[in-house]
Amino acid sequence: MELVVQPLGRKLNVEPGTNLLATLREHLIPISYSCTAGRCGTCRCKVTKGEVKEMGRESKITHPDDEGYVLACMSILTGDCAAKNLQIQH
């Protein structure tokens, strides 16, 4: 499956069930994080398209008007999606 990271426009091939934060770090995408347990909110991203499963709830983002904010450390990739890394200014 594919993860598109904006605003970089990077397309990453990823396996379903992988953690969003771990995937971003593995591919050397700059992202701030701290607790890795969903408490601090530092790794907040916006899912602009596709699906992720956030620990404890299912988030299906079907159009950009939805809020779509998730914590990368608590998000599991379940299908093709696009996410905006809020720490990268472009």
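Refer to the structure above for everything that follows.
Since this is a predicted model, take the numbers as computed values, not measurements.

Criteria and cut-off values
Residues numbered from 1 in each chain as written. Predicted model: local features only at pLDDT ≥ 70, side-chain atom pairs only at ≥ 80, totals over all residues. Heavy atoms only, no water. Helix = DSSP H or I, 4+ residues; strand = E, 2+ residues; numbered from the N terminus. Polar contact = N/O pair within 3.5 Å; in protein donor to acceptor, adjacent residues only side chain to side chain. Contact = heavy atoms within 4.5 Å.

Asker: Hey, could you go over unusual backbone geometry for me, with residue numbers and the actual values?
Answerer: Across the junction of Gln6 and Pro7, the peptide omega takes the value 5 degrees, indicating a cis bond. Phi at Leu28 is positive, roughly 60 degrees, even though this residue is not glycine. Mapped onto the fold, Leu28 is located in the loop between helix H1 (20-26) and strand E3 (44-54). Here the phi dihedral of Thr36 falls at roughly 55 degrees; this positive angle occurs in a residue that is not glycine. Tracing the backbone shows Thr36 in the loop between H1 and E3.

Asker: Tell me about the environment of Glu54, and please be specific about residues and values.
Answerer: Here Glu54 is to be found in strand E3. Counting along the chain gives 23 residues from Glu54 to Leu77, while the straight-line C-alpha distance between them is 8.8 Å. Looking at Glu54, its side chain comes within polar contact range of the main-chain nitrogen of Leu71, at 3.3 Å.

Asker: With reference to specific residues and values, describe the side chain of Thr23.
Answerer: By the element assignment, Thr23 lies in helix H1. Reaching out from Thr23, the side chain makes a polar contact with the backbone oxygen of Asn19 at a distance of 2.8 Å. Ignoring anything within four residues of it in the chain, the contact list for Thr23 reads Leu3, Leu12, Val14, Thr18 and Leu77.

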